[in-house]
Amino acid sequence: MSHLVWTADLNTGIAEIDRQHQRIVEYINALYDQKDNPDRSVLAAIIHNVVDYTESHFAFEEALLEQSGYEFLDLHKKVHALFIRRVSLIKGRFDGGEDVAGELHDILSRWLFSHIRAEDHNYKERVKGYLAGRGADAAAAQTKAQALQASDYERLLPELNQRMQKKGWLARLFSR
Ligand SMILES: [Fe+2]
Ligand SMILES: [Fe+2]
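A short tour of the structure in this document, coming up.

A tally of helices and strands in the chain yields eight helices and zero strands. Going from N to C terminus, the chain has its helices and strands arranged as α-α-α-α-α-α-α-α. Relative to the 2.2 N^0.38 estimate, which gives 16 Å for 176 residues, the radius of gyration of the chain is 17 Å and therefore close to what a compact globule would have. Structurally, the chain occupies a C-alpha span of about 55 × 35 × 30 Å along its principal axes. Taking all 176 residues of the chain together, 26% fall into the buried category. By sequence separation, contacts in the chain at least 24 residues apart represent 64% of the contacts at least 6 residues apart.

Structure, rendered in structure tokens:
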């Protein structure tokens, strides 16, 4: 295992989603850099960040899929929830004093790219169609999906905005 490297085939063509995925990769790489650090407070902060950001991304993605009327939303949510449970168990072991940083890094890095290439790529056409408006052709949908900014999503996903502001997630999720 080494640093994860982003490759073009991972792009969904939805700019905000691709940006969030790349941010998760940065967090996973930060964990890799520090996984042998004996200072547990450094590791604790990194583990907190990677788990918290990933959960925020899942909440954003699920809200977008729901808004888009994606037919496999329930299944996608289950996959996210199972993964969060798995990661939370490992995080719990870290909190209990175990050395889990290497194991956590391996699981995160293996899971993320395979999830993006499989489940996340399955929703991209539906979401792009939704973002561009019904009846838009593929090229128009692609252009729109690339052009949307954080503020557009705050407008498009008002419910998410409310939910995430409570937890202080939205600002961090969209911070550049
Ligand atoms: Fe996903
Ligand atoms: Fe995702």
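Here we take up helix 4 (residues 101-132). Bending of helix 4 peaks at approximately 45° at the position of Asp-120. Just downstream of helix 4 lies Gly-133, where phi reads positive at about 100°.

This paragraph deals with the nonpolar core. Within the largest apolar cluster, 14 residues are counted, with the highest numbers of intra-cluster contacts made by Val-127, Leu-131 and Ala-145. Only helix 2 (40-68), helix 4 and helix 5 (138-147) provide two or more residues apiece to this core. The greatest single-element share of this core, amounting to five residues, is contributed by helix 4. Those residues in contact with Leu-131 that lie beyond four places of it in its chain are Ala-141, Lys-144, Ala-145 and Leu-148.

What follows covers the environment of Asp-95. Inspection of the secondary structure puts Asp-95 in helix 3 (residues 73-95). On the basis of neighbour counts, which here come to 12 C-beta atoms within 10 Å, the residue Asp-95 falls in the exposed class.

This next bit is on helix 3. With 23 residues, helix 3 extends 32 Å between its outermost C-alpha atoms, agreeing within 8% with the 33 Å of an ideal straight helix rising 1.5 Å per residue. Trailing helix 3 by a residue or two, Gly-97 shows a phi angle of about 105°, which is positive.

With that out of the way, let us pick up the environment of Leu-131. Its location among the elements puts Leu-131 in helix 4. Residues Leu-131 and Gln-22, spaced 109 residues apart in sequence, show a C-alpha to C-alpha distance of 21 Å.

Okay, the environment of Leu-64 next. As for its position among the elements, Leu-64 is in helix 2. By the C-beta count within 10 Å, which is 23 here, Leu-64 ends up buried. Spatially, the C-alpha atom of Leu-64 lies 19 Å from that of Ile-84, the residues being 20 residues apart in sequence. The residues touching Leu-64, leaving out its near neighbours within four places in the chain, are Val-127 and Leu-157.

Right, let's talk about the packing of helix 1 (residues 15-34) against helix 4 for a bit. For the pair helix 1 and helix 4, the least separation of the axes is 9 Å and the interaxial angle reads 160°. By the angle between their axes, helix 1 is roughly antiparallel relative to helix 4. The handedness of the crossing between helix 1 and helix 4 comes out as left-handed. Facing helix 1, whose interface residues are His-21, Ile-24, Ile-28, Leu-31 and Tyr-32, helix 4 presents Ala-101, Leu-104, His-105, Leu-108, Ser-109, Leu-112 and Ile-116. For the contact of helix 1 with helix 4, the per-class residue count stands at nine nonpolar, three polar and no charged.

All right, on to the packing of helix 1 against helix 2 then. Remark: helix 1 packs on helix 2, axes separated minimally by 10 Å, with the N-to-C direction vectors making an angle of 160°. Here helix 2 runs roughly antiparallel to helix 1, going by the angle between their axes. Remark: the crossing between helix 1 and helix 2 carries left-handed chirality. Along the contact surface, helix 1 presents Ile-17, Gln-20, Arg-23, Ile-24, Tyr-27, Ile-28, Ala-30, Leu-31 and Gln-34, while helix 2 presents Val-42, Leu-43, Ile-46, Ile-47, Asn-49, Val-50, Tyr-53, Thr-54, His-57, Phe-60 and Glu-61. Here the residues of the contact of helix 1 with helix 2 are counted per class, giving 13 nonpolar, five polar and two charged.

About the criteria used
- Residues numbered from 1 in each chain as written.
- Chains lettered and ligands numbered in written order.
- Predicted model: local features only at pLDDT ≥ 70, side-chain atom pairs only at ≥ 80, totals over all residues.
- Helix = DSSP H or I, 4+ residues; strand = E, 2+ residues; numbered from the N terminus.
- Rg over C-alpha atoms; globule rule 2.2 N^0.38 Å.
- Buried ≥ 20, exposed ≤ 12 C-beta atoms within 10 Å, placed from the backbone.
- Contact = placed C-beta atoms within 7 Å.
- Bend = angle between axes of the 7 residues up to and from the residue.
- Core = buried A, V, L, I, M, F, W, Y, C linked by C-beta atoms within 7 Å.
- Expected span 1.5 Å × (residues − 1).
- Axes fitted to C-alpha atoms, helices over the stretch in contact; angles between N-to-C directions.
- Parallel < 35°, antiparallel > 145°, perpendicular 65-115°, else oblique.
- Left-handed = near helix turned anticlockwise from the far one by under 90°.
- Nonpolar A, V, L, I, M, F, W, Y, C, P; charged D, E, K, R; others polar.

Treat this as a map of the structure, not an account of what it does.
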